[in-house]
Amino acid sequence: MADRVVAVARAANELTAGMLAGLLADNGIRCGTKNVGAGLAYATPALDPHEILVLESEVQRAAAVLAPYAGNDLTLLVPAPPIDDEAAQ
């Protein structure tokens with residue numbers, strides 16, 4: 001059975017989504033972005049929020065990669081896995 005595609009995060013705009021999708025790709029996580037705003041009707045899709053999409057099997061890895069960037073321009077839609085303090089040392 002194939003993995004479903006799910007949204008792992010929502011970026012404030014297309015540029016931010018693209019940069020973070022590149023970061024995921026650099027970490028070996030296949031991903032895409034999707035405009036979720038109303039800009040398609042108003043010719044401003046680049047300014048709309050965009051979801052970052054990954055395979056369901058990659059959600060936890062993707063959330064771990066994106067977690068340090070969560071804030072004003074990025075909202076994680078799934079909880080990030082806990083940080084393993086021993087592994088970080």
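Residues numbered from 1 in each chain as written. Predicted model: local features only at pLDDT ≥ 70, side-chain atom pairs only at ≥ 80, totals over all residues. Heavy atoms only, no water.

## Points about the environment of asparagine 13
Moving on, step 1. Note on placement: asparagine 13 falls in the loop between strand S1 (5-11) and helix H1 (14-26).
Moving on, step 2. Residue asparagine 13 is classed as partly exposed on the basis of its relative accessible area of 23%.
Moving on, step 3. For asparagine 13 and aspartate 48, which are 35 residues apart along the polypeptide, the C-alpha to C-alpha distance reads 5.1 Å.
Moving on, step 4. With sequence-adjacent residues up to four places away left out, asparagine 13 is seen in contact with Ala46, Leu47, Asp48, Pro49 and His50.
Moving on, step 5. A distance of 3.2 Å separates a polar atom in the side chain of asparagine 13 from the backbone nitrogen of leucine 15.
Moving on, step 6. Here threonine 16 takes part through its backbone nitrogen, which lies 2.8 Å from a polar atom of the side chain of asparagine 13. (Helix = DSSP H or I, 4+ residues; strand = E, 2+ residues; numbered from the N terminus. Buried < 20%, exposed > 50% of the residue type's maximum accessible area, 1.4 Å probe, protein only. Contact = heavy atoms within 4.5 Å. Polar contact = N/O pair within 3.5 Å; in protein donor to acceptor, adjacent residues only side chain to side chain.)

## Here's the deal with the sheet that holds strand S4 (residues 74-76)
The pairing of strands in a sheet comes from backbone hydrogen bonds and takes either a parallel or an antiparallel form.
Moving on, step 1. Ordered in space as S2-S3-S1-S4, the four strands form an open sheet in which the pairing is antiparallel. Each having just a single partner strand, strand S2 (31-35) and S4 make up the two edges of the open sheet. Going from strand to strand, the sheet's axes swing by 35° on average, the running direction of each strand aside.
Moving on, step 2. Sheet analysis places S1 next to strand S3 (residues 50-55), joined by six bridges and oriented antiparallel. (Pairing = 2+ DSSP bridges. Axes fitted to C-alpha atoms, helices over the stretch in contact; angles between N-to-C directions.)

## Looking at the pairing of S3
Moving on, step 1. In terms of burial, S3 is a largely internal element, six of the six residues being buried.
Moving on, step 2. Pairing of S2 with S3 involves five bridges; the strand directions are antiparallel. When the sheet's bridge partners are listed, threonine 33 is paired in S3 with isoleucine 52.

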